[in-house]
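# Summary of structural features
The residues making up each chain are set out below.
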Amino acid sequence: MEDTLLIVEDQFIEANNLKIILLKADYHVLPIARSVDDALAIIDRQVPDLVLLDIFLKGERTGIDLAHILKARGIAFVYLSANSDKSVFTAAKMTGPYGFLIKPFRERDVLAMLDIAWYHHSQKVMVKDNEAKPKKTSNNPVRDRELKKIVGESGAIQALLKNVETVADTNVPVLLLGESGTGKELIAKFIHELSERRSGKLIVVDCAAMPPHLVESELFGHEKGSFTGATEKRIGKFEQADGGTVFLDEIGELPLDLQVKFLRVLQEMEIEPIGGKRKKVNIRILAATNRNLEEEMANGRFRMDLYYRLNIFPINLPALRDRKSDIMPLAVYFLEMNAAKFGKNITGFSDEVRQTLTHYDWPGNVRELENLIIRAILLCHGNQIGEVQVPGPSVTGETSKGLRVKTMTESERDHILAALRQCNWKIYGPGGAAELLAINGSTLKSRMKKLGI
Ligand SMILES: Nc1ncnc2c1ncn2[C@@H]1O[C@H](COP(=O)(O)OP(=O)(O)OP(=O)(O)O)[C@@H](O)[C@H]1O
């Protein structure tokens, strides 16, 4: 039986456009409701499978009021939103929608959003916990091979992988959120490999690492002679990835003027090289950030329309300290991956080391753990890792052999960590650690990577 949808929208033209899209996709659409009262009268006669709900409606009550009622009755809903201000958006988000569709509606976005909403809804009604875990093996060898590169036994990672597998084979943009080193790029690669675009390129762009005056030309390309110094034509990253995927790391760093141009890529799949003509590209966008984009949006540093377009399928990568059960499996994985590489025969960790690893809070997340295990392998002379150095009083103070002076690398690491702690782990922008240390954000980030922070 076809799924039944209810549109609650007081703007006739928009409601009708949406209805046409849904009917074309074989959904059963109930009469359009223009107010909360209309909607409740219709729902009393027939309960829809999902409600598409505008925030501002005819009458006194808003879509947010209706959302509370729908939630109480267990009816799934998606907001139809124009760009609202932050307080409205926050109130809407609190009601637990399956997503936001922004106007004007595009068939592609509407259908993708519905697929995602069905998926989330089915997950919610699933009773058994282990059904939410991805199967370890399947009849897809590429998927099984790629899955082996992602270690994690915790419920958080298993649920995340299941979400990733659902979205991988669509063209929906994915926004990966999480602290530095949590595995955002790894997941982006996994999504690309699982998608039909795997034979195309995956182009990775670090928006924080590009000098601001070159970002536009790097991303969109330029024609020869289009500005002083443009001695050759350049093909931009979006065009290089045609037929494949672009992973934009640190999307929060994209300058505001380029956010408009990027929005056109997302909406129209169209690029405009500097000094050149507009052209179509066929790419899938994956983006990541460790910034709070809602905060950036509220402070006018990130466009709201871009946020809505990107935030169709957000995936949160949890910090390692919030999934301690993953620490030892990851440590064992990094040991197995690297010991032979360095010609060492090391079979495991001492109990003391296991304790240290599990109790440390890993501000640099998985990257810090990986670097620490590699260091420990290099320093290890037996067949078991019996000592590791995690930052903190136990290694920087007195040892049993007397006072130990820290190496330059250790000092630099501790210094950066202290600055990060003071700035609440904010790297870039006002009040960030880069500002405190008086260095460029991308330089700080590259030092952090090198030092395993
Ligand atoms: N679950 C995991 N299993 C195995 N390796 C992992 C896992 N998560 C992260 N890693 C490894 O940790 C390192 C850091 O991961 P990655 O670069 O994907 O993090 P990130 O979130 O993109 O960091 P940043 O925000 O600093 O760019 C990589 O070497 C990656 O392969």
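Residues numbered from 1 in each chain as written. Predicted model: local features only at pLDDT ≥ 70, side-chain atom pairs only at ≥ 80, totals over all residues.

What follows deals with the pairing of strand β4 (residues 76-81). Of all 6 residues making up β4, 6 are buried, and the element is well covered by its neighbours. Along β4, one buried face is formed by Ala76, Val78 and Leu80 and the opposite face, lined by Phe77, Tyr79 and Ser81, is buried too. As paired strands, strand β3 (residues 50-54) and β4 are joined by 5 bridges and run parallel to one another. What sits directly across from Leu50, in β4, is Ala76. You can see the chain leave β3, run along helix α3 (residues 63-73) and come back into β4, and the turn it takes is right-handed. As judged from the 3 bridges shared by β4 and strand β5 (residues 100-102), these two strands associate in the parallel manner. The residue bridging Ser81 from the neighbouring strand is Ile102, located in β5. (Buried ≥ 20, exposed ≤ 12 C-beta atoms within 10 Å, placed from the backbone. Helix = DSSP H or I, 4+ residues; strand = E, 2+ residues; numbered from the N terminus. Pairing = 2+ DSSP bridges. Right-handed = clockwise from strand over helix to strand, strands pointing away.)

UniProt marks Asp54 with the feature "modified residue: 4-aspartylphosphate" (unreviewed entry), using the numbering shown here. Structurally, Asp54 is set in strand β3. Look past the residues within four positions of Asp54 in its chain and what remains in contact with it is Val8, Glu9, Asp10, Gly63 and Leu80. (UniProt positions renumbered as here; feature names shortened; annotations may be inferred. Contact = placed C-beta atoms within 7 Å.)

A few words now on the sheet that holds strand β2 (residues 28-29). Read across the open sheet, the 5 strands follow the order β2-β1-β3-β4-β5; overall the sheet is parallel. The open sheet has two free edges, formed respectively by β2 and β5, since each of these has just one partner strand. Against the sheet, helix α1 (residues 12-24) engages β1 (4-8), β2 and β3, with an angle of about 170 degrees to β1. Its contacts with the sheet put α3 on β1, β3 and β4, and the angle it makes with β3 is roughly 160 degrees. (Axes fitted to C-alpha atoms, helices over the stretch in contact; angles between N-to-C directions.)

To continue, consider the site of the ligand. The environment of the ligand is made up of 18 residues, and the closest members are Ser180, Gly183, Lys184, Glu185 and Val366. Looking at the shell around the ligand, the elements that each hand over two or more residues are α8 (184-194), α14 (327-338) and α16 (365-379). Per-class residue counts for the shell around the ligand are 6 nonpolar, 7 polar and 5 charged. Structurally, the shell around the ligand is a two-domain feature, drawing no fewer than three residues from each of domain 2 (130-318) and domain 3 (321-451). (Near = placed C-beta within 6 Å. Nonpolar A, V, L, I, M, F, W, Y, C, P; charged D, E, K, R; others polar. Domains from an automatic or database assignment.)

What follows is about unusual backbone geometry. In this structure, the amide linkage connecting Lys103 to the following residue, Pro104, adopts the cis form with an omega of -5 degrees. Turning to its location among the elements, Pro104 is positioned in the loop between β5 and α5 (107-125). Here Met269, not a glycine, exhibits a phi torsion of approximately 55 degrees, which is positive. Counting through the fold element by element, Met269 comes out in the loop between α11 (256-268) and β11 (270-271).

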